[in-house]
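# A look at the structure
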Amino acid sequence: MDGSRIVLGVTGGIAAYKAVEVCRRLVDAGAHVAPVMTEGASRFIGETTLSALASEPVQTSLWDEASPIPHTRLGQGADLVVVAPATARLLADYAAGRSHDLLTATLLATRAPVLVCPAMHTEMWEHPAVQVNLATLRARGVHVVEPEAGRLAGGDVGHGRLADPAAIVAAVAAILTPADLAGLSVVVTAGGTREPIDPVRFIGNRSSGKQGHALAAAAARRGAAVTLVTTVPGTAPAGVAVRAVDTADEMHAAVAELAPAADVVVMAAAVADFKPVAVAGDKLKKADGVPEIRLEPTVDILAELGAGKAPGQTLVGFAAETADVAANAQKKLVAKRVDLLVANDVSAPEAGFEHDTNAVVIYRADGSFLEVPLASKGEVADAVLDSVVAHRLQSSGSSKS
Ligand code: CTP
C-alpha cells in the first residue's frame, strides 16, 4: 500500500469506533489516509482521535476549508475511497447520486475505486431498499465488504455488524494490488518435510511454511491461479488450491505432476536432503538400544526442475544458509539452473524459520541482486514476485528481439 492515497469516509453508526482501527492499520501498511467524517460520525467518535492517527486532519465540510473545492481535491487525488462504516443512508445517497455533504460529494467526484463496508441493524440490512441500493452500487463496480453476524448495538445479535478491520484492510490491499500475475499458473511449495523413522518419530526441520504461504497468498492476490504444495495445510491462505504433503518423496511427486503446466514454480519449502533407508513398522523401543538409522539422499526437486525446465517457465529457489550466504546462494543458483534464488540467512535475528519477518537477498542469473531488508513475510513475498514479473518481462523482451 506504500504511498497509496486513501480517502477514509466514516459515517454515523455505532461501528464508527472501528474506523479508528481501520485507519491505524492502513497507515501502518504505508498508506496516506485522508479521513472524512459525516456529521453523524461526529456524534460517535471525536475528530481528534482520527486526526491524530490519520495522515492529515479530518475534514467534515464542503464549506469551511481554505481550499474551496475539497471534494474534487479529495476525489481526484485518491487511489481508493473507503467508507467504513457505511450506513443505510450513505448507501441510499450514493446509489441515488445525491451529494449533500463532503463525503457524498467526494464519492461522486472520484474516478478511483470505491469500497463500502456497510454496518447497521439486521432489520435495516435485510430491508429490500438497502439490498437494492447495494446491488445498484455493485453493478457500478463498487466493492463491498459485507457485514458479519454477531453482537449489535443494544445487545441484539444478528447480521449487520461491521466486518473486522483486518478483513477491511485485506480488501483494500486486494483492490490496490496490481493483477500483474493474471493468467499465470503458479506453484509454490512450503514448509519442512518430515521423514519418518518409525510410526511416531521423524527427521524434520524448523521451517514453519510462513514464507511459502505468504508467497502463495500474494500470488493469488496478484491474479495468479495458485497451487500450494505444503506440509502445513492447516494454515494455508484462502484463495489457493492446496496439496497437502508430508515427506520429500510426496512433495517430489506433487511437484513433478504440477510443474509441467506451471508458468512459475517457487520452491520455498525446506525439503529434507536425506531420509531413512527403512522405516520401522513398529515404534523403536528404548530397551532395544540406540538405533542405527541409515540415511539415503532424497531427490533434489529443484535441481530436477532446473534440468527439465520448459521454455518460458520461471523457476525460483530458496537457499537457507547460516554462513557464507552470498557465495552459497550463487552456487545454488548456477548448480540448480534457477532464474532467481532467494537467499535467507536463517541465523539472523527476526529472519527465516518461524518468524513473521524475513530479510533476504534475491539473486538473478546475470549476477545482479536485490537486497530486501527486514520486512513482513508478506512484503518479502511481494518483493520476490516483483522480481518474477521483472524477470518474465525481460526474458519475453529478449526472446522477441
Ligand atoms: N530443494 C529441493 N529438494 C531437495 C532439497 C532442496 O527442491 N531435496 C530446494 C529447496 O526447496 C530450496 C533449494 O533447493 O529452494 C535450496 O535448498 P537448501 O536446503 O538451501 O539447499 P540444499 O540444496 O539442500 O543444499 P545444502 O544442504 O548443501 O545447503
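On a predicted model such as this, the values are computed, not experimentally measured, just so you know.

### Some remarks on a nonpolar patch on the surface
A cluster of nonpolar side chains, contributed by Ile14, Tyr17 and Phe44, occupies part of the molecular surface with about 340 Å² of accessible area. By the secondary structure assignment, Phe44 is in the loop between strand E2 (32-37) and helix H2 (47-53).

### Structural notes on the site of the ligand
Neighbouring residues of the ligand: 16 residues in total, closest Met267, Ala269, Phe318, Lys332 and Lys336. Residue Met267 places a main-chain N or O atom 2.7 Å away from an oxygen atom belonging to the ligand. Between the ligand and Phe318 there is a distance of 2.8 Å, counted from an oxygen atom to a backbone nitrogen or oxygen. Compared with its free state, where it exposes 580 Å², the ligand has 78% of that area covered by protein. For the shell around the ligand, the elements supplying multiple residues, two or more each, are helix H11 (301-307) and strand E16 (314-321). At four residues, the largest contribution of residues to the shell around the ligand is made by E16.

### Topic: the domain arrangement of the protein
In terms of domains, the protein is made up of domain 1 (5-176) and domain 2 (185-400). Placing a centre on the C-alpha atoms of domain 1 and another on those of domain 2 gives a separation of 40 Å.

### Quick look at the packing of helix H1 (residues 16-28) against helix H8 (residues 165-176)
Two elements in contact, H1 and H8, have axes whose closest approach is 9 Å; the angle formed by their N-to-C orientations is 45°. In terms of orientation, H1 lies oblique with respect to H8. Considering only the axes of H1 and H8, their crossing is right-handed. In contact with Lys18, Glu21, Val22, Arg25 and Leu26 of H1, H8 contributes Pro165, Ala166, Ile168, Val169 and Val172. Class assignment of the residues belonging to the contact of H1 with H8 gives a composition of seven nonpolar, no polar and three charged.

### Quick word on the sheet that holds strand E5 (residues 143-144)
Read across the sheet, five strands follow the order E2-E1-E3-E4-E5 without closing on themselves; strand pairing throughout is parallel. In this open sheet, the two strands that pair with only one neighbour each are E2 and E5. When strand E4 (residues 114-118) meets E5, the two strands line up parallel, connected through two bridges. Its bridge partner being in E5, Val116 is matched across the sheet by Val144.

### Brief notes about the sheet that holds strand E11 (residues 225-230)
With mixed pairing, the eight strands of this open sheet are ordered in space as E12-E11-E8-E13-E16-E17-E18-E19. Every interior strand has two partners, whereas the edge strands, strand E12 (241-244) and strand E19 (369-376), have only one. The sheet shows a mean angle of 15° between the axes of neighbouring strands, direction not considered. Pairing between E11 and E12: four bridges, direction parallel. In the sheet register, Thr230 faces E12, and the bridge partner there is Ala244.

### Side note on the packing of helix H3 (residues 70-77) against helix H5 (residues 102-109)
Packing of H3 against H5 leaves a shortest axis separation of 8 Å and a crossing angle of 45°. Accordingly, the angle class assigned to the pair H3 and H5 is oblique. As for the relative orientation of H3 and H5, their crossing is right-handed in sense. Across from Pro70, His71, Thr72, Leu74, Gly75 and Gln76 in H3, the residues of H5 making contact are Leu102, Ala105, Thr106 and Ala109. Of the residues contributing to the contact of H3 with H5, the split by class is five nonpolar, five polar and no charged.

### Some remarks on the nonpolar core
As a rule of thumb, soluble globular proteins bury nonpolar side chains together. Ranked by internal contacts, the top residues of the largest apolar core, which has 32 residues, are Val188, Leu215 and Val226. Looking at which element gives the most residues to this core, the answer is helix H13 (residues 377-400), with seven residues. Among all residues touching Val188, those that are not within four sequence positions of it are Gly212, Leu215, Ala216, Val226, Thr227, Leu228, Val229 and Val266. Core analysis: the next-biggest nonpolar cluster, separate from the first, contains 31 residues, Ala19, Ile45, Ala54 and Ala119 among them.

Rules of the game
Per chain, residues are indexed from 1 in the order of the written sequence. With pLDDT at 70 or above as the cut-off, local features in this predicted model cover only qualifying residues; side-chain atom pairs require 80 or more to be listed or tallied, and sums for whole chains, interfaces and linings still use all residues. The side-chain figures draw on all heavy atoms in the structure; neither hydrogens nor water molecules are used. Like charges within 9 Å and nonpolar side chains (Val, Leu, Ile, Met, Phe, Trp, Tyr) within 5 Å are joined into patches, using only residues over 30% in relative accessible area that form no salt bridge. For accessible areas, the Shrake-Rupley method is used with a probe of radius 1.4 Å. Any residue's cover is judged against the shown protein chains and nothing else. The rule for a salt bridge is simple: a side-chain nitrogen of Lys or Arg has to be within 4 Å of a carboxyl oxygen of Asp or Glu. Helical segments are the DSSP runs of H or I of at least four residues, strand segments are the runs of E of at least two, and each set is numbered from the N terminus. We call a residue near a molecule or strand whenever a single non-hydrogen atom of that residue lies within 4 Å of it. In the analysis that follows, any N or O atom pair within 3.5 Å is treated as a polar contact, provided that within protein one partner can donate a hydrogen and the other can accept it, and provided that, for residues neighboring in sequence, both atoms belong to side chains. Note: domain ranges come from an automatic or database domain assignment. Comment: axis = line fitted to C-alpha atoms, over the contacting stretch for helices; angle = value between 0 and 180 degrees taken between N-to-C directions. Roughly parallel here means an angle under 35 degrees, roughly antiparallel means over 145, roughly perpendicular means 65 to 115, and every remaining angle is called oblique. Helix crossings get a hand from a simple test, with the near helix turned counterclockwise from the far one by less than a right angle marking a left-handed crossing and a clockwise turn marking a right-handed one. Should any heavy atoms of two residues lie within 4.5 Å, those residues are considered in contact. Following the grouping adopted for this structure description, the nonpolar residues are Ala, Val, Leu, Ile, Met, Phe, Trp, Tyr, Cys and Pro, the charged ones are Asp, Glu, Lys and Arg, and the polar ones are all others, Gly among them. Paired strands are those between which DSSP finds at least two bridges. Among the buried residues, those of types Ala, Val, Leu, Ile, Met, Phe, Trp, Tyr and Cys that are joined through side-chain atoms within 4.5 Å form a nonpolar core. Accessibility here uses a 1.4 Å probe with only protein chains present; expressed as a share of the type maximum, an area under 20% marks a residue as buried, one over 50% as exposed, and anything in between as partly exposed.

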